[in-house]
Amino acid sequence: KQEVTQIPAALSVPEGENLVLNCSFTDSAIYNLQWFRQDPGKGLTSLLLIQSSQREQTSGRLNASLDKSSGRSTLYIAASQPGDSATYLCAVNQRGGADGLTFGKGTHLIIQP
Amino acid sequence: DGGITQSPKYLFRKEGQNVTLSCEQNLNHDAMYWYRQDPGQGLRLIYYSQIVNDFQKGDIAEGYSVSREKKESFPLTVTSAQKNPTAFYLCAVAKNEKLFFGSGTQLSVL
């Protein structure tokens, strides 16, 4: 059974710093991997989707990498801002449909002004 | 996401009562999903539907029921058989392998 672990569980950094969030998974036979953002009491917003054949995806100040063989993905946030404060979740998909998603527990990020 | 509406935002259930959570979408997508989120936990799949009049159990379907009579609507009923229903419930719609979520319903037990 696929297991997804996110480290650290919580992170607090000053504004302006670059930071890395980590996601690891136990079964490397994945179809794709997604990073989501969740604000308190809200639904999830998809940030980046990486296919199993890709190494990385970029959107603005966000960069997600995937090393399928080692079972790891990282989300890099450049020049962090207070508005980046949220919980970031990683989800691994082992087949094409969303019913194959396994979610991590998330990293709770606080950016100090 | 503006195209997915969940209601109500907060819901309270009395013991022995069935309650229904609403999920409506105007994105014209076929696949819809219900997830449960407990504090500090990842999301767990309850039920999903890939087409009208068809749905499948997810990982934690016991104590829940769904229907899919219309493409736009995928309501979730939390039955009295669900002994620990307090959680945040999220509805999602899939397009091009990405998931788009509603704003969620917080269900609590009185």
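This text gives an overview of the structure that appears in the document. For every chain, the first residue of the written sequence is number 1, and numbering continues from 1 onward in sequence order. Labels follow written order: the first chain is A, the first ligand is 1, and so on. For this predicted model, a pLDDT threshold of at least 70 governs which residues receive local features, and a threshold of 80 or more governs which side-chain atom pairs are given and counted, while totals over whole chains, interfaces and linings are taken from all residues. To get the side-chain values, all heavy atoms of the structure are used, and hydrogens and water are removed first.

Residues and elements named next belong to chain A. Read from one edge of the open sheet, five strands run 1-3-8-7-6, paired in antiparallel fashion. Each having just a single partner strand, strand 1 (4-7) and strand 6 (56-59) make up the two edges of the open sheet. Averaged over all pairs of adjacent strands, the angle between strand axes in this sheet comes to 15°, irrespective of strand direction. Here strand 7 (residues 62-67) runs beside strand 8 (residues 72-77); their pairing, made up of six bridges, is antiparallel. Paired with N63 across the two strands is Y76, which belongs to strand 8. For two strands to pair, DSSP has to find at least two bridges joining them. Counting from the N terminus, the helices are DSSP H or I runs at least four residues long and the strands are E runs at least two residues long. Here an angle of 0 to 180 degrees is reported between the N-to-C directions of two axes, which are lines fitted to C-alpha atoms, with helices fitted over the stretch in contact.

A few words now on the interface of chain A and chain B. Residue-level contacts link 20 residues of chain A with 21 residues of chain B. The term salt bridge refers to a pairing of a side-chain nitrogen on Lys or Arg with a carboxyl oxygen on Asp or Glu at a separation within 4 Å. Seen at the junction of chain A and chain B, the total is zero salt bridges. In protein, a polar contact means a hydrogen-donor-capable atom and an acceptor-capable atom, both N or O and within 3.5 Å, with residues adjacent in sequence counting only if both atoms are side-chain atoms; elsewhere, any N or O pair within 3.5 Å suffices. The tally of links from chain A across to chain B stands at four residue pairs in polar contact (both at pLDDT 80 or more). Across the side of chain A that touches chain B, the residue classes tally to eight nonpolar, nine polar and three charged. What makes two residues a contact is simply this: any of their non-hydrogen atoms within 4.5 Å. For this scheme, ten residues count as nonpolar: Ala, Val, Leu, Ile, Met, Phe, Trp, Tyr, Cys and Pro. Four count as charged, namely Asp, Glu, Lys and Arg, and the remainder, Gly too, count as polar.

Now for the nonpolar core. Only buried residues count toward a nonpolar core. Its members are Ala, Val, Leu, Ile, Met, Phe, Trp, Tyr and Cys residues joined through side-chain atoms within 4.5 Å. Note on exposure labels: buried denotes an accessible area under 20% of the residue type's maximum, exposed denotes more than 50%, and partly exposed covers the range between, all computed with a 1.4 Å probe on protein chains only. Within the largest apolar cluster, 23 residues are counted, with the highest numbers of intra-cluster contacts made by L19, F25, L33, W35, L75, I77 and Y88 of chain A. Those elements giving two or more residues to this core turn out to be strand 3 (19-25), strand 4 (32-38), strand 5 (44-51), strand 7, strand 8, strand 9 (86-93) and strand 11 (107-112) of chain A. Residues in contact with L19 of chain A, not counting those within four places in the same chain, are L11, V13, L75, Y76, I77, S80, L109 and I111 of chain A. L21, Y47, L76 and C91 of chain B belong to the second largest nonpolar core, which has 21 residues in total.

This next bit is on the state of the cysteines. Only a pair of cysteine sulfur atoms within 2.5 Å counts as a disulfide in this structure description. On inspection of all chains with the given rule, the structure shows two disulfides over all chains. Each disulfide pairs two cysteine sulfurs, and for C23 of chain A the partner residue is C90 of chain A, the sulfurs being separated by 2.0 Å. Because the torsion about its S-S bond is -55°, the bridge between C23 of chain A and C90 of chain A counts as left-handed. A residue pair is termed long-range when its members are at least 10 positions apart, and C23 of chain A in strand 3 and C90 of chain A in strand 9 qualify at 67 residues. Of the two residues, C23 of chain A and C90 of chain A, both sit in the buried class. Bridging C23 of chain B to C91 of chain B, the disulfide has an S-S length of 1.9 Å. Taking the torsion about the sulfur-sulfur bond, which here is approximately -70°, the covalent link between C23 of chain B and C91 of chain B counts as left-handed.

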